[in-house]
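Take a look at the letters that make up each chain.
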Amino acid sequence: MGTNFQSYSEEISFTVSTNRPFTLYEFNRRLREEVENALPHRYWIIAEISEARVHHQSGHCYLTLTDKEPGSKSTLTAQARGTIWKRQYQEIAQYFEAQTGHPLKSGLKILFNASPRFHELYGFSLDIHDIDPTYTLGDLARQRQETIARLQTEGLLDLNQKLALPPVPQRLAVISSPTAAGYQDFVSQLANNPFGYAFQISLFEASVQGTEAVSSIKAALSKVTLRQQAFDAVVIIRGGGSQTDLLCFDHYELASAVAQMPMPVLTGIGHERDESITDLVAHTPLKTPTAVAAFLVDRLNEFEAAMESVFLAVREAASALAVAQERRITLLTSQVQQRTNAFLHQKHYQLECQTRTLSDKPQKFLTQEQRHVMCEEMRLSHSVQQLIRAKETRQQQYGQQLEHSSQKKLNSGVKHLTHLEHCLQTIAKQKVQKAQFAFQKNQQRLLYGAKDQLKIKGHQLQLVEMDLKSHDPEIMLMRGYTLTYVNGKLLKSLDQLKRGDQLQTRLLAGSVSSTVTKVNEPDLFS
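### Details of the overall build of the protein chain
Logical step 1: Helix and strand counts for the protein chain stand at eleven helices and 14 strands.
Logical step 2: The C-alpha atoms of the protein chain give a radius of gyration of 63 Å, which is well past the 24 Å a tight globule of 526 residues would have.
Logical step 3: Seen through its principal axes, the protein chain has C-alpha atoms that stretch 160 × 160 × 70 Å.
Logical step 4: Burial status across the protein chain gives 25% buried among its 526 residues.
Logical step 5: Excluding contacts between residues fewer than 6 apart, the proportion of contacts in the protein chain whose partners are at least 24 apart in sequence is 62%.
Logical step 6: Entry remark: accessible area of the protein chain is about 37800 Å², with carbon and sulfur atoms responsible for 56%.
Logical step 7: Here the protein chain contributes 58 positive and 54 negative side-chain charges, whose respective centroids are spaced 18 Å apart.

### Focus on the pattern of salt bridges
Logical step 1: Applying the stated criterion to the full structure yields 13 salt bridges.
Logical step 2: Put simply, R30 and E34 hold a salt bridge, and the shortest N to O gap is 3.7 Å. Residue R30 and its partner E34 are located together in helix α2 (residues 24–38), separated by four residues, close to a single helical turn.
Logical step 3: Overall, the relative accessible area of 44% leaves R30 in the partly exposed class.

### Concerning the side chain of T484
Logical step 1: Along the chain, T484 falls in strand β11 (residues 483–486).
Logical step 2: The contacts of T484, once residues within four sequence positions are left out, are K489, L490, L491, L503, Q504 and T505.

### Here's the deal with the nonpolar core
Logical step 1: Ranked by size, the top nonpolar core spans 32 residues in total, and within it L151, I175, I217, L221, V224, V234 and F249 carry the most contacts.
Logical step 2: If you list the elements that add at least two residues to this core, you get α4 (133–153), β6 (171–176), α6 (213–226), β8 (233–237), α7 (252–259) and α8 (277–281).
Logical step 3: In terms of residues, this core owes the most to one element, α6, which gives six residues.
Logical step 4: F249 has contacts with V208, I217, I236, R238, L254, I269, S276, I277 and T278, leaving out every residue within four places of it along the chain.
Logical step 5: By size, the runner-up hydrophobic cluster in this structure holds 20 residues, among which are C61, Y89, L108 and L126.

### Considerations on the sheet that holds strand β9 (residues 265–268)
Logical step 1: The five strands are arranged β7-β6-β8-β9-β10 in an open sheet whose pairing can be described as parallel. Among the strands making up the open sheet, the edge pair consists of β7 (200–205) and β10 (284–286). Between one strand axis and the next, the sheet turns by 20° as a mean value, whatever way the strands run.
Logical step 2: As paired strands, β9 and β10 are joined by three bridges and run parallel to one another.

Basis of the calculations
Residues numbered from 1 in each chain as written. Predicted model: local features only at pLDDT ≥ 70, side-chain atom pairs only at ≥ 80, totals over all residues. Heavy atoms only, no water. Helix = DSSP H or I, 4+ residues; strand = E, 2+ residues; numbered from the N terminus. Rg over C-alpha atoms; globule rule 2.2 N^0.38 Å. Buried < 20%, exposed > 50% of the residue type's maximum accessible area, 1.4 Å probe, protein only. Contact = heavy atoms within 4.5 Å. Areas by Shrake-Rupley, 256 points an atom, 1.4 Å probe, with all protein chains shown as cover. Lys, Arg positive; Asp, Glu negative; His and termini not counted. Charge placed at Lys NZ, Arg CZ, Asp CG, Glu CD. Salt bridge = Lys/Arg side-chain N within 4 Å of Asp/Glu carboxyl O. Core = buried A, V, L, I, M, F, W, Y, C linked by side-chain atoms within 4.5 Å. Pairing = 2+ DSSP bridges. Axes fitted to C-alpha atoms, helices over the stretch in contact; angles between N-to-C directions.

Following this line, the structure appears as structure tokens:
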């Protein structure tokens, strides 16, 4: 076993001496040399910017570059750091923004020229020397066309445009930043329109530019949908700002949300170039917030003008109809008068004939009716008298029954009251007797208790008196004790004494005077 261990140690020593381990710095330096030798040139590379940051003090731009799996928006296949040094950053950034309309920011796909670099401390990175803006423009255009095609396939491209915009859109749900200048201009132009039209504006705050714009505007659209009955239209206002912040309005999710709104959407994003995809799916796209305000005012003005034209046409038609009606009424009045006169003449003749025929019949009819009335009167009088007699007889019977019943009730009540009175007297006497007995019992108990307490207190008083007598100084003197006074005060402690003090000792019979010559301290061990 010792032999094996010795050979193993020799093998290890040989390995260490011939193949010494690297330090991390040495290894990274070797790796840097290998990278520089293997990749000595500059290379054109395609990647997506996931993060862009400019260092304020140094002026360098630091990028995080990624490559994603085809067809995926989240699965990364590669990632690297990129650096644009200050001496080149201003030129590259200005040219790129001038050509594309966008600054170098996250979400853009770029074609850049770079050389690989490996630093012993900071690791691998790419030094970017140039960026081709035409590739980014082509990629943005491709993404734009893919988004438009997807919206077209899903039937969303003109979905919102099929909704009917009310002729008088006055209740507006405005999605904008409350501090944006464009929003203030929009509100001011609507409030100060020359026609005095009134608009009801409800602001739904949202960020309308930057990376948070898509989610913020979608959240505002959801809030508007929950109150859709309260609005005639939705207005999305960007309210000024850089043209480079329009990329969010080409996002599929925002365009899809705008297209599927249950009410017309008007946009005033403030762009000067091509329309965004959000403008394409909106019901009415306009250039600026003030253009949206002017459109709304003009629409109300057109409606008012149309209503005035309709009113004038209706008034003219009503006037012509009134003239025709007047002529027709005049003609009908004449015809009615003629027919009425003829009808009255005919009826007058018939009435005269009937009067001659019926002149004798009424007299006979009246005589018969008088006889009938007299008979009915007599019969009714006899019936009323019989009814009155029957009522009087029944009333007398009711009176007798009521009197008998009342007397019976009265007698019964008197008996009940007499019984109650007797019961109350009996109960009262019993309670009085019971109370008297209890009083006498408590009186005796109190008397006996008082006597006992007096005895107890007398005994306690005797004990106290005996205790006081036992502590009487006279008694103490009779037992042989003495009382010593120093300077007129009773001596209780040696601390009261000093040499030369006059003492007076009192005995049972007489007293003794003395002078202190020495004070002995008490012996603690005795």
